[in-house]
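Commentary on secondary and tertiary structure
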Amino acid sequence: EAKDSGKNRYVAYHKSMREGVINILAVENDLKRALKAREFEAYYQPIVNLADGRLYGFEALARWNHPERGMVNPGEFIPVAEETGLIVELGMQILEQACGVMNTWRKKHPIASELTIAVNISAKQFGESSLAADVASLLERSGLPSYCLKLEITETVVMLDAMKSTNQLNLLKDLGILLSIDDFGTGYSSMSYLQKFPTDQLKIDLSFVQRMESAPENIEIIRAIVNMAHSLRLRVVAEGIETERQRDLLYSLQCDYGQGYLYSKPLCEADAEDFVKNSE
Ligand code: C2E
Ligand code: MG
Ligand code: MG
Ligand code: MG
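Residues numbered from 1 in each chain as written. Chains lettered and ligands numbered in written order. Predicted model: local features only at pLDDT ≥ 70, side-chain atom pairs only at ≥ 80, totals over all residues. Heavy atoms only, no water.

Looking up the protein in an unreviewed UniProt entry gives the name Two-component system response regulator, with the organism given as Pseudodesulfovibrio nedwellii.

**A closer look at the overall build of the protein**
Under the convention used in this document: In this text, helices come from DSSP runs of H or I with a minimum length of four residues, and strands from runs of E with a minimum of two, each type numbered from the N-terminal end. Computation of the radius of gyration draws on C-alpha atoms, with the globule rule given as 2.2 Å multiplied by the number of residues to the power 0.38. Only protein chains enter the area calculation, which uses a 1.4 Å probe; residues under 20% of their type maximum are buried, those over 50% are exposed, and those in between are partly exposed. Accessible surface is estimated by sampling points in the Shrake-Rupley manner with a 1.4 Å probe; for residues, cover comes only from the protein chains shown. Think of it this way: Lys and Arg go in the positive column, Asp and Glu in the negative one, and His and the chain ends go nowhere. Lysine's charge is taken at NZ, arginine's at CZ, aspartate's at CG and glutamate's at CD.
Within the protein, the regular secondary structure consists of 12 helices and 9 strands. Taking 280 residues into account, the globule formula puts the C-alpha radius of gyration at 19 Å, and the protein, at 21 Å, falls close to it. Expressed as lengths along the three principal axes of its C-alpha atoms, the size of the protein is roughly 70 × 45 × 35 Å. Burial status across the protein gives 47% buried among its 280 residues. Surface accessibility of the protein: about 14,200 Å² in total, with carbon and sulfur atoms responsible for 52%. Looking at the protein, you have 30 positive and 40 negative side-chain charges, and the mean spots of the two groups are 3 Å apart.

**Observations regarding the packing of helix α3 (residues 87-108) against helix α5 (residues 131-142)**
For clarity, the cut-off: For helices, the fitted axis covers only the stretch in contact; all axes are lines through C-alpha atoms, and the angles between them, taken along N-to-C directions, range from 0 to 180 degrees. By convention, the crossing between two helices is left-handed when the near helix turns anticlockwise from the far helix through less than a right angle, and right-handed when the turn is clockwise. By definition, residues are in contact when any of their heavy atoms lie within 4.5 Å. Throughout this entry, Asp, Glu, Lys and Arg are counted as charged residues, while Ala, Val, Leu, Ile, Met, Phe, Trp, Tyr, Cys and Pro are counted as nonpolar. The remaining residues, Gly among them, count as polar.
Relative to each other, α3 and α5 sit at 35°, their axes nearing to 9 Å. Like other packed secondary-structure pairs, α3 and α5 cross with a definite hand, here right-handed. Seen from α3, the contacting residues are Met92, Leu95, Glu96, Cys99, Gly100 and Asn103; seen from α5, they are Leu131, Asp134, Val135, Leu138, Leu139, Arg141 and Ser142. Residue classes in the contact of α3 with α5 are distributed as 7 nonpolar, 3 polar and 3 charged.

**Points about unusual backbone geometry**
Notably, Arg38 is not glycine yet its phi reads approximately 55°, a positive angle. With respect to the secondary-structure elements, Arg38 resides in the loop between α1 (2-36) and β1 (40-49). For Gln254, which is not glycine, the phi torsion reads 70° and is therefore positive. With respect to the helices and strands, Gln254 occurs in the loop between α11 (244-252) and β9 (257-259).

**Remarks on the coordination of the magnesium ion (ligand 2)**
Put simply, the rule is: Any nitrogen, oxygen or sulfur atom within 2.8 Å of a metal ion counts as a donor, with the limit raised to 3.2 Å for Na, K and Ca, and since water is left out, coordination shells can look unfinished.
Taken together, Glu59 (OE), Asn120 (OD1), Glu152 (OE) and Asp182 (OD) make up the full set of protein donors to the magnesium ion (ligand 2), lying 2.0 to 2.3 Å away. Expressed as a motif, the donor residue spacing for the magnesium ion (ligand 2) is E-x60-N-x31-E-x29-D. In this structure, the magnesium ion (ligand 2) lies 4.2 Å from the magnesium ion (ligand 3), and both are coordinated by Asp182. Residue Asn120 is found in strand β4 (residues 116-120), and its partner Glu152 is found in strand β5 (residues 149-154); the two are separated by 32 residues along the sequence. Residue classification places Asn120 among the partly exposed residues on the basis of a relative accessible area of 29%.

**A word on the pairing of strand β6 (residues 178-184)**
Consecutive side chains of a regular strand alternate in pointing toward one face of the sheet and then the other. Test applied: When DSSP locates at least two bridges between a pair of strands, those strands are taken to pair. Clockwise travel from the first strand over the helix to the second, with the strands pointing away from the viewer, marks a crossover as right-handed.
Counting buried positions along β6 gives 6 out of 7 residues, so the element sits mostly inside the fold. Pairing of β5 with β6, which is carried by 5 bridges, proceeds in the parallel orientation. Paired with Ile153 across the strands is Ile181, a residue of β6. With 3 bridges connecting them, β6 and strand β7 (residues 201-204) associate as parallel partners. In the strand pairing of β7, Ile181 is matched with Leu202. Remark: the β6/helix α8 (residues 191-196)/β7 crossover connection has right-handed handedness.

**Digging into the site of ligand 1**
In plain terms, the rule: Consider each residue's heavy atoms; a residue with any of them within 4 Å of a molecule or strand counts as near. In protein, a polar contact means a hydrogen-donor-capable atom and an acceptor-capable atom, both N or O and within 3.5 Å, with residues adjacent in sequence counting only if both atoms are side-chain atoms; elsewhere, any N or O pair within 3.5 Å suffices. Cavities and pockets were defined on a 1 Å grid built over protein atoms only: a cavity is a set of grid points that admits a 1.4 Å probe from which the probe cannot escape, a pocket is an open set flanked by protein on both sides within 12 Å along at least five of seven lines, and lining residues are those with an atom within 4 Å of any such point. For a cavity or pocket, the test is whether more than half of a molecule's atoms lie within 2 Å of its grid points; if they do, the molecule sits there.
The environment of ligand 1 is formed by 22 residues, the closest being Arg63, Asn120, Asp182, Glu242 and Tyr261. Residue Glu239 places a side-chain N or O atom 3.4 Å away from an oxygen atom belonging to ligand 1. Burial of ligand 1 by the protein amounts to 82% of the accessible area it has alone, namely 790 Å². Counting atoms within 2 Å of the grid points, the majority share of ligand 1 lands in the largest pocket. At the level of secondary structure, the elements contributing two or more residues to the shell around ligand 1 comprise β2 (55-66), α3, β6 and α9 (206-210).

Set out below in structure tokens:
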């Protein structure tokens, strides 16, 4: 009997594993097709100055404009893209769109000359030895000045191999771009590396912002992050701000910038351009 159930468990496990593999293969093929068809579209979420609410920049966030499924969010395709290596091409397509769009806005709207565009870099991309060279050639093709571009790399990724990361970050920094550590607080950071990395800002993970009121110890965590960041001359962005209360608390904690539904959801290119115009 025990043997039977063991066997059944094995069969069940084996079956679900096979289905998992088949599913990944299906998504992988669809992703490859979609990359060729240019179905990935950058959306742009405003980032504002917490002190006066003025527009500071945007974060580019990938969306999949799928012919059958409609607009698909990154949670559904970034993990498979990462696992299959397709994230490298996908990330470049988003980076190219983001740089191109920001450069166009700069020519049309005076206020856009002060804005930065932040783009996410995945673990796989960050591990590529050609990353800095690829970013450099893309910047050149788009015409966007390097100081307008900011790359976001998650804390978990940069801390995985901090020595290697220092080299990669230095190569990127040499291009004259800005660097941001994303999802800060969810991993384990070494203070001594944080101080050595040539980074410009930390982005506090939205989980801290969203639990600020229900679990007030998060306020103390944010306070500690902001103070530490400022002592290292880093700017701090809080993501996931949905309420005025959260905004007020973050401002009182001296957080520099904010991003979240309170200000705006991620917007398609045309709506984001309207947001720029309305900020003038
Ligand atoms: P992230 O870089 O930490 O981006 C912030 C996420 O929080 C975005 O989700 C954004 O839409 C969401 N968000 C912003 N404000 C609020 C708010 O007030 N409330 C709530 N509940 N959520 C808010 P999104 O667009 O679904 O992206 C999820 C993650 O997917 C990103 O997290 C990033 O890690 C990844 N991702 C998105 N686009 C790209 C890309 O082009 N390349 C790479 N490598 N990763 C990407
Ligand atoms: Mg990000
Ligand atoms: Mg984040
Ligand atoms: Mg995240």
